[in-house]
Amino acid sequence: MKRSIFGRFWPNATAVILFAGFAFPVYWMFATAFKPTGDIIAENPVWFPTDVTFSHFKKAVDADHFWTLVVNSVTVTVLSVVFSLVIALFAAFALARMRFRGRRGLIVTFMLAQMAPWEVMIIAIYMLVRDNDMLNSLVPLTVFYTVMVLPLTVLTLRGYVAAVPKDLEEAAMVDGCTRGQAFVRVIFPLLAPGLMATSLFGFITAWNEFPLVLILNKDVEKQTLPLWLSQFQTAFGDDWGATMAASSLFALPILIVFILLQRKAVSGLTDGAVKG
Amino acid sequence: MKRKLAAAIVIAGMMVSVSACGGDDGDDSGKNAGPDSFKGQTLTVWAMDGSTPDQWVKDVTAAFEKKTGAKLKFETQKWDGIQQKITTALSESNPPDVLEVGNTQTPAYAATGGLADLSDLKQQIGTDWTPSVSQSSVYEGKQYAAPWYFANRVVIYNKKIWAKAGIKDTPKTRDEFFKDLDTIGKKTDAEPIYLPGQNWYFFDGLTIGQGADLVKKDGDKYVSNLADAKVAKAMEIYKKYASYSKAPKDKDEATPQQAEIFAKGKTGAFIGMGWEAGTAVQANKAIEKDLGYFTIPGETADKPESVFLGGSNLAVAQGSKKQALAEEFLKIALSDQYEGELAKLNGVIPNKKSLETNLKGNAVAEAAAPGAAVGGTTPLIPEWGAVENAPNPIKSYMTAVLNGKSPADAAKQVEGEINKRLAQQN
Amino acid sequence: MSVQTRGTDTAGEPAVRKAPVPAPPRGGDRTPGAPSRRHAAAPYLLLLPALLATVVLLGWPLVKNGLLSFQNLNPRQLIQHLTEWNGVDNYREVLTGQDFWHVVERTVVFTAVNVVLIMAVGTLVGLLLARLGKRMRLLLMVGLVLAWAMPYVAATTVYQWLFAQRFGVVNWVLDRLGWHSMADYNWLGTQTSTYFVIILLLVWQSVPFVAINLYAATTTIPKELYEAASLDGAGGWKSFTSVTLPFLRPFLYATTFLEVIWIFKAFTQVFAINEGGPDRLTETLPVYAYVEGVGNQHFGVGAAISFLTIVALLVITSYYLRMVLKQEEDEL
């Protein structure tokens with residue numbers, strides 16, 4: 001009996017402490033954003049914003065072109081996630097379900113591609129985009145973000161496709177479906193959690209990307225939110241209320257996407273999320 | 001024409017291979033064109049944060065659009081990362097047509113071939129440009145930019161806080177200034193001065209005051225001279241100033257914007273450009289009535305502290321396809337009327353002596369003028385540009401000294417980096 | 001069928017061989033429904049878009065980067081679109097300078113420290129998740145997901161605020177706990193303390209991925225295995241080492257591989273916290289490549305460093321890649 005209480009207490013206590021540790025920075029960001037400046041630069045921290053203000057948010061949103069940047073960020077992120085999922089799904093199906101020459105080489109190719117350190121190649125990318133007259137456009141951004149997340153998406157989805165019992169597919173084919181139909185009717189629905197889980201990676205990557213857009217798009221109207229956030233922070237680095245409000249606005253969409261997708265995602269991750 | 005041809009041959013000879021930019025073409029095509037031929041075009045101008053007051057932009061735009069029929073678009077640029085931005089922009093097929101370039105950077109950009117030769121324009125409108133300020137734009141005998149305005153740092157202070165500390169007069173010597181800062185620290189709860197550890201242009205002014213050089217010749221190349229005792233002396237003065245500030249030792253005056261901090265009304269003073277007062281007012285309207293300015297005091301009352309003469313030039317991108325239109329813009333923007341207006345509005349020193357009358361009664365300019373008389377710049381050599389690239393080794397030197405390293409050790413620590421950058425091939 | 005496969009998986013074959021196969025069902029059934037010859041082209045067609053996109057859009061910059069690394073490329077050449085080949089000068093400059101080797105050393109240590117911490121903490125948290133009751137698990141999960149979802153740029157900003165010299169909450173807490181010298185401590189003032197902040201940030205960001213996935217993986221361990229183990233008289237620790245760990249091993253390999261890559265090439269976090277400072281002492285290879293290439297406008301040298309960065313990453317991960325190659329071979 002004693003042992004069981006003991007056995008319960010410590011895991012639970014640890015869980016609470018860990019929860020606090022992981023959630024606190026996020027909480028502190030939102031809390032600071034809502035606090036009046038006097039409470040932010042107080043000798044003793046104000047732990048809960050009692051005196052809520054929206055002035056910091058106003059300052060953050062006030063930036064020129066803010067809404068244009070929001071639209072740009074959303075466009076680029078959603079498009080690259082969708083493209084990468086569609087392209088990757090075909091590839092993942094082939095890699096997981098078919099046998100053919102060169103399969104091994106292809107898998108390793110994707111693994112290698114996933115290692116690409118994009119940030120260190122930005123001058124090369126810049127020169128390519130420049131010489132093709134594609135600067136100040138959302139197209140190269142979308143395309144490169146798609147490719148950035150593609151390898152991991154392929155590898156992850158491969159695991160999910162493989163995890164769908166083959167018997168189901170075969171049963172469908174026995175019922176007269178073609179292989180394609182079997183895929184659409186049987187496998188695809190089962191893959192939904194996998195697709196969601198995989199899309200999270202794409203969302204984070206594309207939403208966060210920063211060095212590339214900095215060098216490619218000088219036209220403010222073609223920039224994205226990470227640039228706005230970093231410039232905002234450079235100029236108002238000392239104004240933590242405004243900086244945290246800006247960070248909150250930037251983080252919010254991703255937090256929402258995660259919370260929406262997370263439940264499905266975690267159940268889906270079970271089978272093959274991070275397989276190599 | 002012949003002169004031009006000769007120049008073209010020289011330029012072509014300099015290049016290993018001639019690129020297909022063909023920026024020169026535009027130069028002639030638009031030369032004799034009347035106003036109507038510009039219709040439908042838009043001229044893009046990059047100006048730095050703080051350079052162009054709203055009223056000036058409005059007036060110049062109106063005059064420009066009236067004269068040429070073309071549109072004018074100002075794009076304000078942030079200082080952070082500006083060098084890479086300008087470099088890449090100049091390489092593009094559609095660069096900004098006119099751009100503001102800091103005087104310390106101009107020689108480096110002139111050497112890249114990215115700026116159009118404005119020697120002809122100087123013949124037309126620039127014969128009375130103040131030679132000392134026009135100098136930074138001349139590279140290998142040609143004028144690569146037009147001097148726009150000059151400014152130097154002053155002390156911007158909060159009168160209310162100084163009054164609260166019981167100080168009646170602004171200081172005339174450095175020691176008096178230190179004493180005042182001390183008093184503010186003791187008698188008020190304000191921070192006496194906001195001086196981050198890496199306000200390197202202020203430091204540059206101090207080195208000029210000590211008669212120190214940042215680089216020296218070693219054979220045919222430049223090397224760091226940071227280990228010089230005079231530089232160390234300048235750094236000691238800086239350190240003394242910084243001791244009255246709680247500002248971070250590893251940040252410069254733009255991160256965060258020092259004016260934003262001053263605007264909160266809890267800072268006695270800061271060392272900044274005149275336009276930064278405007279930034280402060282924009283952040284907090286209430287601060288306006290408390291603003292005061294004075295010349296940075298020197299060792300003795302008869303000679304103020306030397307300052308870095310920060311200047312900005314207007315250059316035309318070599319790759320711009322609107323060379324003629326760009327020249328039209330420069331003629332308007334640099335005309336006596338608008339050059340004078342800019343001087344008046346921003347309290348900056350105009351590019352001609354004759355226009356300095358615009359500064360009468362301008363508190364900032366009156367505080368700045370004595371310092372400008374004993375001002376100087378960074379070394380005006382193309383190699384210098386690379387030294388100021390982030391992370392600027394001189395800023396590292398400053399932080400190191402403020403954190404307790406001896407100037408000699410700190411100099412030793414960064415000299416390798418400075419020499420590497422000075423030796424960087426173009 | 002698949003349970004059986006899992007069973008053999010855990011039976012103690014050499015770890016390397018089965019390492020990267022966390023998804024057991026695939027091994028199960030092979031015989032029926034083999035594609036007819038007519039469809040021989042199908043896999044290639046399905047793979048074509050992904051392959052094409054990767055090869056063109058990744059391969060092209062890689063090749064371009066490779067070419068640039070043999071050029072003298074500074075603002076003048078960039079602006080005038082000049083191509084000046086300079087042989088291996090850039091590589092010579094980089095490899096003979098001592099900076100580069102310091103950075104390499106630092107990057108390797110940095111990656112190792114981070115990955116070890118992330119894997120250790122992540123595994124422990126994952127196992128804890130498996131032990132918790134439903135409600136507590138949800139609570140902890142929420143905390144993890146919040147940290148996981150925070151965009152890097154926002155997260156670095158928040159960490160700068162947490163560790164701010166003035167009014168930063170960390171300094172306040174340390175002061176309150178009696179460590180008064182920390183009241184106005186400048187975390188970004190020294191190499192060690194800057195690294196502390198960066199590592200904390202990276203661990204905080206990365207642990208959720210490991211923990212949540214590891215927890216998910218543990219839920220797939222068949223109960224029978226534990227029953228069998230306990231019949232053999234295995235206690236808690238024994239059943240952990242004989243059942244849980246072998247089952248999770250492939251997963252741990254794969255995750256470690258991913259974390260090594262992610263940490264090694266982490267750019268935004270390292271750069272944004274303190275721009276590689278103080279005095280360039282926290283620059284890792286990607287940051288070094290960026291500062292030398294883009295920041296210092298020495299683009300050819302930057303390209304050479306990035307090429308070397310890629311080589312270094314390949315060397316570090318080669319062990320795992322070999323394993324995968326071998327394993328995929330076995331499977332076919």
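Residues numbered from 1 in each chain as written. Chains lettered and ligands numbered in written order. Predicted model: local features only at pLDDT ≥ 70, side-chain atom pairs only at ≥ 80, totals over all residues.

Going by what an unreviewed UniProt entry lists, chain B is known as Sugar transporter and is assigned to Streptomyces lucensis JCM 4490. UniProt lists a comment for chain B under the heading Sequence similarities (unreviewed entry), and it reads "Belongs to the bacterial solute-binding protein 1 family." (UniProt positions renumbered as here; feature names shortened; annotations may be inferred.)

Under an unreviewed UniProt entry, the name given to chain A is Sugar ABC transporter permease, and the organism recorded is Streptomyces lucensis JCM 4490. As recorded by UniProt, the Sequence similarities (unreviewed entry) comment attached to chain A reads in full: "Belongs to the binding-protein-dependent transport system permease family." Note on chain A: under the UniProt heading Subcellular location (unreviewed entry), the record states "Cell membrane".

(A) Local environment of the overall build of chain A. Regarding its fold elements, chain A presents twelve helices and zero strands. When its helices and strands are written in sequence order, chain A yields α-α-α-α-α-α-α-α-α-α-α-α. Seen through its principal axes, chain A has C-alpha atoms that stretch 75 × 70 × 30 Å. Relative to its 276 residues, chain A shows a buried fraction of 54%. (Helix = DSSP H or I, 4+ residues; strand = E, 2+ residues; numbered from the N terminus. Buried ≥ 20, exposed ≤ 12 C-beta atoms within 10 Å, placed from the backbone.)

(B) Layout of the overall build of chain B. Assigned secondary structure in chain B consists of 19 helices and 13 strands. Along the first, second and third principal axes, the C-alpha atoms of chain B reach 65 × 50 × 35 Å. With 426 residues in all, chain B has 53% of them scored as buried. Across chain B, every contact between residues at least 6 apart in sequence was considered, and the portion connecting residues at least 24 apart equals 77%. (Contact = placed C-beta atoms within 7 Å.)

(C) Examining the interface of chain C and chain A more closely. In this complex, chain C contributes 90 residues to the contact, which on the side of chain A involves 87 residues. With 18 residues, helix α4 (residues 42-68) of chain C is the largest single contributor of residues to the side of chain C that touches chain A. Looking at the side of chain C that touches chain A, its residues break down into 68 nonpolar, 15 polar and seven charged. (Nonpolar A, V, L, I, M, F, W, Y, C, P; charged D, E, K, R; others polar.)

(D) Quick peek at helix α11 (residues 229-242) of chain B. Residue and element names in this part refer to chain B. The end-to-end C-alpha distance of α11, which contains 14 residues, comes to 20 Å, matching closely the 20 Å that a straight helix rising 1.5 Å per residue would cover. Taken together, the buried positions of α11 are occupied by Val-231, Ala-234, Met-235, Tyr-238 and Tyr-241. Looking straight down α11, one finds that the buried residues subtend no more than 110° of arc, so they occupy a single side. In this structure, the buried residues of α11 make contact with α10 (200-209), α18 (393-402) and α19 (407-422). (Expected span 1.5 Å × (residues − 1). Arc of directions from axis to C-beta.)

(E) View of the UniProt feature "transmembrane region" (unreviewed entry) in chain A. All names here are of chain A. On the UniProt side, "transmembrane region" (unreviewed entry) is annotated at positions that read residues 12-30, 66-94, 106-129, 141-161, 182-207 and 240-261 here. Secondary structure content for residues 141-161 is 100% helix and 0% strand, and the end C-alpha separation is 29 Å. With 100% helix and 0% strand, the stretch residues 240-261 has end C-alpha atoms that lie 31 Å from each other.

(F) Looking closely at the interface of chain A and chain B. With 13 residues of chain A at the interface, the matching set in chain B holds 13 residues. When contributions to the side of chain A that touches chain B are tallied by element, the ones reaching two or more residues are α6 (122-131) and α11 (225-235) of chain A. Residues of the side of chain A that touches chain B, tallied by class, amount to five nonpolar, three polar and five charged.

(G) Representation of the packing of α11(A) against helix α9 (residues 152-162) of chain C in the model. Close contact between α11(A) and α9(C) brings their axes to 10 Å; oriented N to C, the two are set at 20°. The angle between α11(A) and α9(C) falls in the class roughly parallel. Pair α11(A) / α9(C) crosses with left-handed handedness. For the pair formed by α11(A) and α9(C), the contact residues are Pro226(A), Leu229(A), Ser230(A) and Gln233(A) on the first element and Val153(C), Ala154(C) and Thr157(C) on the second. (Axes fitted to C-alpha atoms, helices over the stretch in contact; angles between N-to-C directions. Parallel < 35°, antiparallel > 145°, perpendicular 65-115°, else oblique. Left-handed = near helix turned anticlockwise from the far one by under 90°.)

(H) Region of the structure containing the environment of Asp239(A). All names here are of chain A. Assignment of secondary structure puts Asp-239 in the loop between α11 and α12 (240-272). Using a count of 25 C-beta atoms within 10 Å as the deciding quantity, one classes Asp-239 as buried. Sequence separation of Asp-239 and Asp-131 is 108 residues, and the distance between their C-alpha atoms is 40 Å.

(I) The nonpolar core, seen in detail. Formed by 298 residues in total, the largest nonpolar core has its most connected members in Ala88(A), Ala91(A), Ala92(A), Val161(A) and Phe329(B). The leading source of residues in this core is helix α7 (residues 138-163) of chain A, at 16 residues. When residues are assigned to domains, this core turns out to be shared by domain 1 (2-150 + 311-365) and domain 2 (154-308 + 376-422) of chain B, each giving three or more. Every residue in contact with Phe329(B), bar those within four places of it in the chain, is listed here: Leu43(B), Val45(B), Phe64(B), Leu72(B) and Val98(B). (Core = buried A, V, L, I, M, F, W, Y, C linked by C-beta atoms within 7 Å. Domains from an automatic or database assignment.)

(J) Region of interest: the sheet that holds strand β11 (residues 291-294) of chain B. Residue and element names in this part refer to chain B. Across the sheet, which stays open at both edges, the three strands sit in the order β10-β7-β11 with antiparallel pairing between neighbours. Of all strands in the sheet, those with a lone pairing partner are β10 (269-272) and β11, marking the two edges. On average, each strand axis in the sheet is inclined to that of its neighbour by 30°, with strand direction left out of account. Strand direction decides the pairing type here: strand β7 (residues 154-158) and β11, joined by four bridges, are antiparallel. When the sheet's bridge partners are listed, Asn-158 is paired in β11 with Leu-291. (Pairing = 2+ DSSP bridges.)

(K) Region of interest: helix α8 (residues 134-149) of chain C. Taking 1.5 Å of rise per residue, 16 residues should cover 22 Å, and α8(C) covers 22 Å from first to last C-alpha, within 8% of that figure. Every buried residue belonging to α8(C) is among Met136(C), Leu140(C), Met141(C), Gly143(C), Leu144(C), Val145(C), Leu146(C), Ala147(C), Trp148(C) and Ala149(C), and all of these are buried.

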